[in-house]
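Tertiary structure, described
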Amino acid sequence: MQGLAEWKFEAGGWLQLNENMQLAGRSSITLVETDMDERMKMLTMAGIKPKSFVNGNFVSIITVTDPDGNQVVFAQGKDENHRATM
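All figures in this text were calculated on a predicted structure; none of them were measured in a lab. (Residues numbered from 1 in each chain as written. Predicted model: local features only at pLDDT ≥ 70, side-chain atom pairs only at ≥ 80, totals over all residues. Heavy atoms only, no water.)

1. Let's talk about the overall build of the protein chain
Selection rule: Numbering of helices and strands starts at the N terminus; helices are DSSP runs of H or I of at least 4 residues and strands are runs of E of at least 2. Categorising residues by exposure relies on relative accessible area from a 1.4 Å probe, with only protein chains included: less than 20% of the type maximum marks a residue as buried, more than 50% marks it as exposed, and the intermediate range marks it as partly exposed. Any pair of residues with heavy atoms lying within 4.5 Å of one another is described as a contacting pair. We score Asp and Glu as negative and Lys and Arg as positive, and we do not count His or the chain ends. Just so you know, the charge point we use is NZ for Lys, CZ for Arg, CG for Asp and CD for Glu.
When helices and strands are counted, the protein chain shows two helices and six strands. For the protein chain, the N- to C-terminal ordering of α and β elements is β-β-β-α-β-β-β-α. Principal-axis analysis of the C-alpha atoms gives the protein chain an extent of 40 × 30 × 25 Å. Taking all 86 residues of the protein chain together, the buried fraction comes to 14%. Sequence-distant contacts, at least 24 apart, represent 34% of the contacts inside the protein chain between residues at least 6 apart. Of note, the protein chain has its 8 positive side-chain charges centred 6 Å away from the centre of its 11 negative side-chain charges.

This is the structure in structure tokens:
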């Protein structure tokens with residue numbers, strides 16, 4: 001994709017950099033989660049209130065922002081078995 005650079009690490013994981021004029025001067029990172037309930041518990045214990053939480057059919061997303069507009073996104077995909085029980 002135009003404006004996107006992507007690297008895959010041998011030990012696991014990916015890094016994507018993309019051009020996003022709406023976030024110019026700020027940062028955004030997305031981290032893949034395996035347990036959103038545990039992540040939400042950790043954020044709550046740390047006194048961090050998410051900007052949003054979306055529990056969709058295919059992915060759950062927690063977004064945390066700071067006063068400068070930087071954001072951390074936690075995302076967890078759902079497999080077919082998990083979606084069937086939702």
